[in-house]
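Letter by letter, the chains look like this.
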Amino acid sequence: MFDSLTTRLGDVLDRLKRRGALKEQDVEAALREVRVALLEADVALPVVRDLVAKVKEKAIGREVLKSITPGQMVVKIVHDTLVETLGGEGEDVMLPADPPGAILMVGLQGSGKTTTTAKLALRLKDREHKKVLMASLDVARPAAQEQLKILGEQAGVATLPVVAGQRPVEIARRAMEAGRFGGYDVVLLDTAGRLHVDEALMDEVAAVRDAAMPLETLLVADAMTGQDAVNVGKAFHDRLGLTGIVLTRVDGDARGGAALSMRAVTGCPIKLLGVGEKLDALEAFHPDRIAGRILGMGDVVSLVEKVAETVEAEDAEKLAAKLAKGEMDLNDLAEQLRQIRKMGGMSGLMGLLPGVAKMKNQLAQANIDESIVKRQEAIIQSMTPHERRRPQVIQASRRRRIATGSGTTVPEVNKLLKQFMTMNKMMKKVGKMGKKGMLRGGFPPMPGMPGMPPRF
Amino acid sequence: MSGQGWLGRLRAGLSKSSNRIVDGISSVFTRRKLDEEAIEGLEEVLIAADVGPATAAKLAGKIADTRFEKDVTPEAVRRALASEIAAILAPVAKPVGIDPAKKPHVILVIGVNGTGKTTTIGKLAKAMRDDGKRVVLAAGDTFRAAAVEQLKIWGERSGCPVISRPQGADSAGLAYDALQQAQRDNADVLLIDTAGRLHNKANLMAELEKVARVLKKLDPEAPQDCLLVLDATTGQNALSQVSTFREMLPITGLVVTKLDGSAKGGVLVALAEKFAIPIRAVGVGEGADDLKPFDADAFARGLMGLEA
Ligand SMILES: Nc1nc2c(ncn2[C@@H]2O[C@H](COP(=O)(O)OP(=O)(O)OP(=O)(O)O)[C@@H](O)[C@H]2O)c(=O)[nH]1
Ligand SMILES: Nc1nc2c(ncn2[C@@H]2O[C@H](COP(=O)(O)OP(=O)(O)O)[C@@H](O)[C@H]2O)c(=O)[nH]1
Ligand SMILES: [Mg+2]
Ligand SMILES: [Mg+2]
């Protein structure tokens, strides 16, 4: 739906090739495109203005390197400016020196506070080995307290027993008391959703803060939020003194400009990202990834990192090239099934590519069952090297032999071969999409050049 | 034909057109176009209301071609733009209509997470009950914790029975049961809640399609309505939501919630131009009575920051 900024700027700036330093009037033309791209990504207008001014200052007079186009040069400057503004790589939630400490979760209705509360509780319990208590102060939304209780059971985290008729401030006090007596490290306070323009409810949450004296006050905001993000962020920050932001529904296809808006108006770090409805779908924040996403460059950096984590650099390059061309053979498949599994399975890997939504549909249709990967490995191991290179030669009798050899059935062998063909076809499509977008030269790890095409 | 003779009508017609000519000529001399700064200002008002840069530029372009009196006030200019916008929105402002021949008229309520589906069902149920209709609710969100309990409370508030199954049950199966039950009870309306889902999740979207498919086994025309609930706080992603959900199910209407906040919901203008899907109602609060018909004029004035 959106052209990536690189393509757009290419159109505006490519005529400037080999003209040396960027001049003011060239930059002006580019900045109009930058402005539109940021607005389409839902970055709030005042924030866009600031960013554009910063980019302009950095860009004018800048020598364009020989190896890249002026368009790419500007994209890099924009990207770096966004990363700078987003700031705060991987800042984690503070833990109390003198337990129990409270973490207060606030935000608009339906932004994801309750789910995030439970996700954070699970994270603190499992990763930091903290004893965590959750309490729901939401007496407004029907069954909200029940919701947190169920999530607590799922996460194996204690919740404060519900006392009917108590007001939020009373519940907060009771929670802190229970935290002290129960020897808890952290008390997570989930609150009712409220509009920042609702004076009475903003007063109420301020009173809760005064009662609980939280170590952290986290604004939970939806990644799909539009221009209002600045008003919401500012109002909650002015009133409560936020310490951090959690962005939810990052698993959607929103460009996520709200991250920039909120960060810019509150000055608070974005601490965590919600990436799904399940309780383990909470991730650390990486400014370069969000910057790439806002600019419509797909989450190529994450992909690069994930690949780098699990596969040797050279293998990654080969895999990337083959994946993109749809030239994988069964040898590669066997070798890489294992690595793919480590990277969160095919769907995990696919999810990181640009144009995710469409591919996900196709992926669902391709019906790649990740749990039977092991049996598939066995099947491939029962093939001859020749068969692995040229799967087309595997006819009926060979299929029977392979099935017997691997302790599987002929239908399973058939299925593997069919899936393999589908996957290859699909990858060819990704490769084509990549050519238009970011994956031009595959996606080898490029340390220091996050989200940039290989030519940088 | 009116009592006015043909000569009278001709005269009236002529004077209308000559007035127009006179107007046109005088405007060239006495009226002016807005300066660039003013146009840019208007464009920014639109962008800040989530209209989106492309639609904002288009609307501002239109106003740039309009000639105004020399002493026109900024407010009058904004009012002119508001009426442009109202004209785009007026054709899609259509409340939900219930087919009385259907027992029941089935309304499936869908949308991304947390937009206000369940609350909207509660509000609709209340309004329809007040209107004397027999309404049945189906707790089709079998995924989210306490979603069933939430709808049950709305059922009590509105005095409507709620058909449910335990959390984790198949939502299509539940929808089937509910329609069967509503048919047996000779209900007027069946409102089906669904779990919130992001439109880019193919498996969850397929599940939704299954709900619609299963309903057709009992009534080939069901669901008669499929309402997509959008949160006014959402920015340009609403376009992606509508276009993807629409590929899956025939969306017959939109409901926009949380317009009681400071978000203006301007993306509706782009949606109206692109998809022309009727806007059925707006949510303006958390209470049972906080659902209002969509008023194109008032909405457009709100976008432009004018008093309602
Ligand atoms: N201020 C305001 N809040 C609303 C409005 N509509 C819904 N809400 C609130 O938004 C929150 C989410 O509403 P729900 O009805 O549970 O939303 P949902 O779409 O069913 O959510 P999921 O089922 O979790 O996807 C609740 O706190 C509602 O009270 C509205 O028009 N204005
Ligand atoms: N896909 C997705 N859904 C989420 C995420 N966080 C929350 N949700 C869903 O959003 C809806 C509202 O969440 P909830 O925690 O009840 O919001 P609250 O009203 O702010 O407490 C629920 O359907 C959640 O399952 C996320 O990161 N990704
Ligand atoms: Mg909640
Ligand atoms: Mg719901």
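Before reading further, recall that the structure is shown in the block above.
Residues numbered from 1 in each chain as written. Chains lettered and ligands numbered in written order. Predicted model: local features only at pLDDT ≥ 70, side-chain atom pairs only at ≥ 80, totals over all residues. Heavy atoms only, no water.

### Regarding the packing of helix 4 (residues 70–86) of chain A against helix 11 (residues 287–294) of chain A
All names here are of chain A. Two numbers describe how helix 4 lies on helix 11: the axes approach to 9 Å, and their chain directions differ by 130°. Taken together, the axes of helix 4 and helix 11 lie oblique to each other. Our pair here, helix 4 against helix 11, has a crossing hand that is right-handed. Residues His-79, Leu-82, Val-83 and Leu-86 of helix 4 touch helix 11, and the partners they reach there are Pro-287, Asp-288, Ile-290, Ala-291, Gly-292 and Ile-294. (Axes fitted to C-alpha atoms, helices over the stretch in contact; angles between N-to-C directions. Helix = DSSP H or I, 4+ residues; strand = E, 2+ residues; numbered from the N terminus. Parallel < 35°, antiparallel > 145°, perpendicular 65-115°, else oblique. Left-handed = near helix turned anticlockwise from the far one by under 90°. Contact = heavy atoms within 4.5 Å.)

### Re the site of ligand 2
The local shell around ligand 2 holds 20 residues, among which Lys113(A), Thr114(A), Thr115(A), Arg141(A) and Asp251(A) are the closest. The local environment of ligand 2 is shared, drawing residues from chains A and B. A distance of 3.2 Å separates an oxygen atom of ligand 2 from a polar atom in the backbone of Ser111(A). Taking Lys113(A), its side chain carries an N or O atom lying 2.5 Å from an oxygen atom of ligand 2. Relative to its unbound accessible surface of 580 Å², ligand 2 loses 97% to contact with the protein. The leading source of residues in the shell around ligand 2 is helix 5 (residues 113–128) of chain A, at 4 residues. A class-by-class count of the residues in the shell around ligand 2 yields 2 nonpolar, 11 polar and 7 charged. (Near = heavy atom within 4 Å. Polar contact = N/O pair within 3.5 Å; in protein donor to acceptor, adjacent residues only side chain to side chain. Areas by Shrake-Rupley, 256 points an atom, 1.4 Å probe, with all protein chains shown as cover. Nonpolar A, V, L, I, M, F, W, Y, C, P; charged D, E, K, R; others polar.)

### Thoughts on helix 8 (residues 202–218) of chain B
Given a rise of 1.5 Å per residue, 17 residues ought to cover 24 Å, and the 26 Å separating the end C-alpha atoms of helix 8 of chain B matches this to within 8%. What helix 8 of chain B keeps buried is the set Ala202(B), Met205(B), Leu208(B), Val211(B), Ala212(B), Val214(B) and Leu215(B). (Expected span 1.5 Å × (residues − 1). Buried < 20%, exposed > 50% of the residue type's maximum accessible area, 1.4 Å probe, protein only.)

### Re the site of ligand 1
Neighbouring ligand 1 are 23 residues, the closest being Lys117(B), Thr118(B), Thr119(B), Arg144(B) and Glu286(B). Near ligand 1, the surrounding residues belong to chains A and B. Residue Thr118(B) places a side-chain N or O atom 2.7 Å away from an oxygen atom belonging to ligand 1. The separation between an oxygen atom of ligand 1 and a polar side-chain atom of Gln150(B) is 2.8 Å. Take the shell around ligand 1: its biggest share by element is 4 residues, from helix 5 (residues 117–130) of chain B.

### Details of the pattern of salt bridges
In this structure the tally under the stated criterion is 33 salt bridges over all chains. Residue Lys58(B) is joined to Glu273(B) by a salt bridge in which the shortest nitrogen-to-oxygen separation is 2.8 Å. In this pair, Lys58(B) is assigned in helix 3 (residues 53–65) and Glu273(B) in helix 10 (residues 267–275), connecting sequence segments 215 residues apart. Since its relative accessible area comes to 47%, Lys58(B) is described here as partly exposed. Residue classification places Glu273(B) among the partly exposed residues on the basis of a relative accessible area of 35%. Note that Lys126(B) is salt-bridged to Asp289(B), the shortest N-O span being 2.9 Å. One end of the pair, Lys126(B), is in helix 5; the other, Asp289(B), is in the loop between strand 9 (279–283) and strand 10 (291–292), and 163 residues separate them in sequence. Lys126(B) gets classed as buried once you look at its relative accessible area, which sits at 19%. Taken together, the shared-partner salt bridges in this structure form one network comprising Glu24(A), Glu28(A) and Lys56(A). (Salt bridge = Lys/Arg side-chain N within 4 Å of Asp/Glu carboxyl O.)

### Remarks on the interface of chain B and chain A
With 39 residues of chain B at the interface, the matching set in chain A holds 40 residues. When chain B packs against chain A, the two sides together hide about 3,500 Å² of surface, and 57% of this comes from carbon and sulfur. There are 3 salt bridges connecting chain B and chain A. Among the salt bridges present, the one from Lys201(B) reaches Asp251(A), with a minimum N-O distance of 2.5 Å. Counting across the interface, chain B meets chain A through 17 residue pairs in polar contact (both at pLDDT 80 or more). At the level of elements, helix 2 (36–48), helix 6 (147–158), helix 8 and helix 9 (237–248) of chain B are the ones that each hand at least two residues to the side of chain B that touches chain A. Sorting elements by how many residues they give to the side of chain B that touches chain A places helix 6 of chain B first, with 5 residues. The residue inventory of the side of chain B that touches chain A, partitioned by class, reads 13 nonpolar, 16 polar and 10 charged. (Buried area = accessible area lost by both parts, 1.4 Å probe.)

### Observations concerning the environment of Gln109(A)
One can find Gln109(A) in the loop between strand 1 (101–106) and helix 5. Taking the C-alpha atoms as reference points, Gln109(A) and Met421(A), separated by 312 residues in sequence, lie 46 Å from one another. Those residues within four positions of Gln109(A) in sequence are excluded, and the remaining contacts are Gly193(A), Arg194(A), Leu195(A), Gly114(B), Lys258(B) and Glu286(B).

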